[in-house]
Amino acid sequence: MVDLSRRAALALLGLGLAGTAISWPRLTGGDIPGRGDDALTVALFGTAQDAAARQSLVDGFQKLHPDIPVRIIAIQGQDWGNFFAKILTMVAAGTPPDIVSVATEGTQLFAERLAHPIDEYVQRDAAELQEYFDDVNPSLIESFMYKGNLFQLPDNFNAANMYYNTSAFERAGLERPRDDWSVEDFFTVGRTMQASAPGSFLPYFWNNRLWGGVVPWLYINDTSFLTEEKAPGGDWMWSKFYPNETPRGGGYLWENADALSDRTVESFEVLQRMVSEGIAANPAQGGGNELVSLFSRGSVGMTPAGGFWVKGLNDAGLGNDEYDVTYFPKMRGQRHQFGAGGYAMMQTSERKDEAWEWMKYCISVEGMSIAHSQPDSSLPRRSLNAELYGGDIGPKHWEVFYDTLDRFPTTGPMPAPPQQAAVESALIKNVVGTITNGPNGVRRGLETMQRDLELALKGR
């Protein structure tokens with residue numbers, strides 16, 4: 001939508017006009033080749049240092065495509081919603097990038113308004129791409145489909161798994177939980193750790209957010225706060241690249257609020273019990289900036305995180321034998337949530353063929369290995385995760401990161417409709433009150449959440 005005004009663009013994300021300055025950093029040293037107007041422009045969420053770190057990726061790409069100059073733009077923001085607002089501002093200003101790095105949170109927003117479907121390119125280069133799809137779990141591909149079309153190819157992902165501090169477990173005389181442990185097992189583990197811990201200790205730390213907040217506890221109960229449906233279409237993808245899989249349809253649709261279903265109420269009652277017993281942190285008590293420190297010194301027993309946390313813990317000096325990872329416990333099911341990332345081709349781009357070559361390079365073995373040379377995210381290619389997390393790098397059971405997809409085929413992306421920013425705000429606004437006003441406050445809180453979600457979903 002090239003004719004959007006700046007105000008209208010920001011309104012799409014439910015954000016105000018504050019803090020929308022765009023960072024246009026130059027890379028240090030030799031500068032990125034093709035900084036002129038004829039360059040393929042790639043926008044990513046990050047800092048000038050993040051852009052500089054992509055120089056090796058640009059170098060690798062240009063060895064294959066010396067005729068395609070590339071310009072990397074790093075755009076800083078408080079969160080993904082802020083980043084997307086800035087991309088919309090660039091579109092409104094008539095200076096859109098050719099390709100944008102987009103996470104699950106923005107996939108459907110971009111698919112509906114800004115991105116160009118890549119079906120024709122994928123089908124044209126099917127023979128070349130077959131080995132990629134053979135190496136990638138179909139759940140990740142499905143998460144980037146919208147109303148029958150494919151818009152992105154995943155180049156990183158993170159499922160919400162359960163990290164635990166091995167010292168806290170050993171102090172409590174606990175062994176690693178069974179893979180199919182239950183929510184009641186979780187309560188037993190939490191109470192046991194709490195009883196054995198000196199001083200201030202939290203068995204479970206979590207944040208009030210979309211990824212790793214309440215959603216994992218909803219998914220394991222086969223529910224969510226939005227209804228989940230599948231769009232028709234997508235047969236071209238499943239019949240060609242995943243012929244042995246049950247066709248999955250044309251992507252997820254989250255079009256209605258579902259905060260008052262019996263299962264949703266039940267999951268929130270579980271969270272209410274955790275907080276009231278002191279097993280879980282009250283998510284109103286702040287973010288996770290101090291979490292690495294608390295976890296490292298044994299003040300936190302368990303927390304939801306993905307493969308990205310391995311780098312954070314390693315950087316903090318925590319040995320890979322001082323923590324481990326397992327699956328979320330089971331309620332009615334053991335479905336997990338994930339978030340993924342990949343590049344989206346802009347509708348407005350006049351360099352779509354060049355953009356496609358960039359997208360293909362970034363999901364190649366070489367491109368993905370260059371972009372993720374450190375354990376900062378799980379990789380969609382199964383074959384690359386052993387090098388990333390194996391040996392003395394990741395926790396003992398690092399295979400959990402990818403096995404989450406393979407063992408639990410219904411595992412899916414966090415609910416992120418085109419109105420994701422407004423929906424997430426409506427969710428976060430109501431979580432704390434719902435779980436901290438006693439058992440009788442759960443349904444009242446969810447009634448308010450239902451109302452706010454319905455209003456959020458009306459905003460197109």
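Keep in mind that this is a model prediction, so the values were computed, not measured.

Within the chain, the secondary structure is distributed over 21 helices and 14 strands. Principal axes of the C-alpha set define a box for the chain whose edges measure 65 × 50 × 45 Å. Within the chain, the fraction of its 460 residues that count as buried is 59%. As displayed, the chain offers around 17,800 Å² of accessible surface, 47% of which is attributable to carbon and sulfur atoms. In the chain, 39 side chains carry a positive charge and 57 a negative one; their mean positions are 5 Å apart.

On the secondary structure map, N385 appears in helix α18 (residues 385-389). Within the structure, the side chain of N385 is placed 3.0 Å from the backbone oxygen of R381, a separation counted as a polar contact. Discounting chain neighbours no more than four positions away, the residues touching N385 are S378, L379, G390, W398 and Y402.

We now examine the nonpolar core. Membership of the largest hydrophobic core comes to 70 residues, with the highest contact counts inside it found for V122, F133, L150, Y163, M237 and W358. With six residues, helix α16 (residues 352-362) is the largest single contributor of residues to this core. With residues near it in sequence (within four places) discarded, F133 still touches V122, I141, L153, M237, F241 and Y242. In terms of nonpolar packing, the next biggest core, distinct from the first, is built from 53 residues, F186, L446, L453 and L457 among them.

Moving on, we come to the pattern of salt bridges. Inspection of every chain in the model, using the stated rule, returns 23 salt bridges. Notably, a salt bridge pairs K230 with E142, separated by 2.7 Å at the nearest N-O pair. Taken together, the residues span a long stretch of sequence, with K230 in strand β9 (residues 229-230) and E142 in helix α8 (residues 138-142) at a distance of 88 residues. On the accessibility criterion, K230 (40% relative accessible area) is partly exposed. The salt bridge involving E277 is made with R191; its shortest N-O contact spans 2.9 Å.

Before going further, it helps to examine helix α4 (residues 80-92). Compared with the 18 Å implied by 1.5 Å per residue over 13 residues, the 18 Å span of α4 between its first and last C-alpha is a close match. Extensive coverage of α4 is indicated by the burial of eleven of its 13 residues. Those residues of α4 not exposed but buried are G81, N82, F83, F84, A85, K86, I87, L88, T89, M90 and V91. Of the residues one or two after α4, G94 is the one with positive phi, at around 80°.

The share of residues in the chain with pLDDT of 70 or more is 91%, and the mean pLDDT across the chain is 90. Between residues 1-36, whose pLDDT stays under 50, and residues either more than four places distant or in other chains, the model counts 78 contacts.

The next subject is unusual backbone geometry. Even without being glycine, K147 reaches a positive phi, approximately 50°. Topologically, K147 is positioned in the loop between β4 (145-146) and β5 (149-150). Residue classification places K147 among the partly exposed residues on the basis of a relative accessible area of 45%. Notably, D222 is not glycine yet its phi reads approximately 55°, a positive angle. Secondary-structure assignment places D222 in the loop between α11 (215-219) and β9.

The contact between helix α3 (residues 55-64) and α16 brings their axes to 11 Å, and the two run at 115°. Both α3 and α16 take part in a crossing whose hand is right-handed. Contact residues: L57, V58, G60, F61 and L64 in α3; E354, E357, W358, Y361 and C362 in α16. Partitioned by chemical class, the residues of the contact of α3 with α16 number seven nonpolar, one polar and two charged.

The next thing to look at is the pairing of strand β12 (residues 323-326). The alternating pattern of β12 places Y323 and V325 on one face and D324 and T326 on the opposite face, and all of these are buried. Note: strand β7 (residues 161-165) against β12, four bridges, orientation antiparallel. From the neighbouring strand, Y163 faces β12, where its bridge partner is V325.

Our next topic: the sheet that holds β7. Whether parallel or antiparallel, the strands of a sheet pair through hydrogen bonds between backbone atoms. Spatially, β8-β11-β7-β12 is the arrangement adopted by the four strands of the open sheet, whose pairing is mixed. The sheet is open, and its two edges are formed by β8 (202-204) and β12, each paired on a single side. Strand after strand, the sheet turns through a mean of 25° between neighbouring axes, direction not considered. Its contacts with the sheet place helix α19 (residues 400-407) against β7 and β12, and it is angled at close to 145° to β7.

Calculation criteria
Residues numbered from 1 in each chain as written. Predicted model: local features only at pLDDT ≥ 70, side-chain atom pairs only at ≥ 80, totals over all residues. Heavy atoms only, no water. Helix = DSSP H or I, 4+ residues; strand = E, 2+ residues; numbered from the N terminus. Buried < 20%, exposed > 50% of the residue type's maximum accessible area, 1.4 Å probe, protein only. Areas by Shrake-Rupley, 256 points an atom, 1.4 Å probe, with all protein chains shown as cover. Lys, Arg positive; Asp, Glu negative; His and termini not counted. Charge placed at Lys NZ, Arg CZ, Asp CG, Glu CD. Polar contact = N/O pair within 3.5 Å; in protein donor to acceptor, adjacent residues only side chain to side chain. Contact = heavy atoms within 4.5 Å. Core = buried A, V, L, I, M, F, W, Y, C linked by side-chain atoms within 4.5 Å. Salt bridge = Lys/Arg side-chain N within 4 Å of Asp/Glu carboxyl O. Expected span 1.5 Å × (residues − 1). pLDDT = per-residue confidence, 0-100. Axes fitted to C-alpha atoms, helices over the stretch in contact; angles between N-to-C directions. Left-handed = near helix turned anticlockwise from the far one by under 90°. Nonpolar A, V, L, I, M, F, W, Y, C, P; charged D, E, K, R; others polar. Pairing = 2+ DSSP bridges.

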